[in-house]
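Descriptive analysis of the structure
Here are the chains, one letter per residue:
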Amino acid sequence: DAGITQSPRHKVTETGTPVTLRCHQTENHRYMYWYRQDPGHGLRLIHYSYGVKDTDKGEVSDGYSVSRSKTEDFLLTLESATSSQTSVYFCAIKAGTGPGSNNSPLHFGNGTRLTVT
Amino acid sequence: AQKITQTQPGMFVQEKEAVTLDCTYDTSDPSYGLFWYKQPSSGEMIFLIYQGSYDQQNATEGRYSLNFQKARKSANLVISASQLGDSAMYFCAMREAVNNAGNMLTFGGGTRLMVKP
């Protein structure tokens, strides 16, 4: 158990409303990631963080922003939700920071199912 | 262009038989890693096995093994003695060297495996 909690687990929201998803980890991991999962696309990286206040864009970052004001929390915000953002969102962490940690897999939270109507 | 390709959207296998799930990848980075994940119907992402680009031997982990053919850029997952609990989505993912990104992974579209009793 990598100590990752995502909240909420399910959310239904209307087009145009802002939405924030939270990822909380308890083990002081440096790297955190937000992915979305859609049928046929696997998981695609939205944003990632390599430290407090250090974030960067992933493959599908348009329409999303992130913040990491403390090590344990990585927030994903949809500024104005659209139906195309209906998806399952996964947060992940990478354990370890040294050169040998390149072998380390990502550990995922249980996901947030977001529906935008 | 797709970096990770899983050409089998769905597969059936008889219980107790072996099955191979295909994964091909594309990278120009000499240092990379390949990961396989399992996603059962409950939705969590479970790490199965890792293969580094410089590893001399194919990775094995219990009933899971990787048929790593570097020249062909393929990293197929072999599951021996299939069990009903192996029914799930399986994702192949690749890590490339990216500054500040830790183990940012790129995923394939997945293969749904169904084990028949």
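Anything mentioned here points back to the structure above.
We now turn to the structure provided with this report. Remember, predicted model here, so these are calculated numbers, not experimental data.

With that settled, the discussion passes to the state of the cysteines. Residue and element names in this part refer to chain B. Considering all chains together, one arrives at two disulfides over all chains under this definition. Through a disulfide, C23 is tied to C92; the S-S separation comes to 2.0 Å. Torsion about the S-S bond of the C23 and C92 cystine: about -65°, corresponding to left-handed handedness. Of the two residues, C23 is situated in the loop between β3 (19-21) and β4 (24-25) and C92 in strand β10 (residues 88-96); the sequence distance between them amounts to 69 residues. Take C23 and C92: they sit in the same class, and that class is buried.

Further remarks concern the sheet that holds strand β1 (residues 4-7) of chain A. Residue and element names in this part refer to chain A. Strand order in the open sheet formed by four strands is β1-β3-β8-β7, and the pairing between neighbours is antiparallel. Where the open sheet ends on each side, the last strands, each with one partner, are β1 and β7 (64-70). The mean angle between the axes of side-by-side strands here comes to 20°, regardless of whether they run parallel or antiparallel.

With that out of the way, let us pick up the pairing of strand β12 (residues 111-116) of chain B. All names here are of chain B. Alternating residues of β12 divide into T111, L113 and V115, all buried, and R112, M114 and K116, none buried. In the sheet, strand β2 (residues 10-14) pairs with β12 via five bridges, with the strands oriented parallel. When the bridges of β12 are listed, M11 appears paired with L113. With three bridges connecting them, β10 and β12 associate as antiparallel partners. Bridged to Y90 within β12 is T111.

Our next topic: the side chain of Q6(A). Residues and elements named next belong to chain A. Tracing the sequence through the fold places Q6 in strand β1. A residue is classified by how much of its surface remains accessible, and Q6, at 5% relative accessible area, is buried. A polar atom in the side chain of Q6 sits 2.9 Å from the backbone oxygen of Y89. Separated by 3.5 Å, the side chains of Q6 and T112 make a polar contact.

A few words now on the interface of chain A and chain B. With 21 residues of chain A at the contact, the number on the chain B side is 21 residues. Buried area between chain A and chain B, both sides added, is near 1700 Å², and the carbon and sulfur share of it is 57%. The largest contributions to the chain A side of the interface with chain B come from L43(A), N102(A) and F108(A), which together make up 25% of the buried area. For the pair chain A and chain B, the number of links is zero salt bridges.

The next thing to look at is the environment of T117(A). All names here are of chain A. By the secondary structure assignment, T117 is in the segment after β11 (112-116). For T117, a relative accessible area of 55% corresponds to the exposed category. As for T117 and E14, which are separated by 103 residues in sequence, their C-alpha atoms are 4.9 Å apart. Residue contacts for T117: discarding those within four places in its chain leaves V12, T13, E14 and T15.

Cut-off values and rules
- Residues numbered from 1 in each chain as written.
- Chains lettered and ligands numbered in written order.
- Predicted model: local features only at pLDDT ≥ 70, side-chain atom pairs only at ≥ 80, totals over all residues.
- Heavy atoms only, no water.
- Disulfide = S-S within 2.5 Å.
- Helix = DSSP H or I, 4+ residues; strand = E, 2+ residues; numbered from the N terminus.
- Buried < 20%, exposed > 50% of the residue type's maximum accessible area, 1.4 Å probe, protein only.
- Pairing = 2+ DSSP bridges.
- Axes fitted to C-alpha atoms, helices over the stretch in contact; angles between N-to-C directions.
- Polar contact = N/O pair within 3.5 Å; in protein donor to acceptor, adjacent residues only side chain to side chain.
- Contact = heavy atoms within 4.5 Å.
- Buried area = accessible area lost by both parts, 1.4 Å probe.
- Salt bridge = Lys/Arg side-chain N within 4 Å of Asp/Glu carboxyl O.

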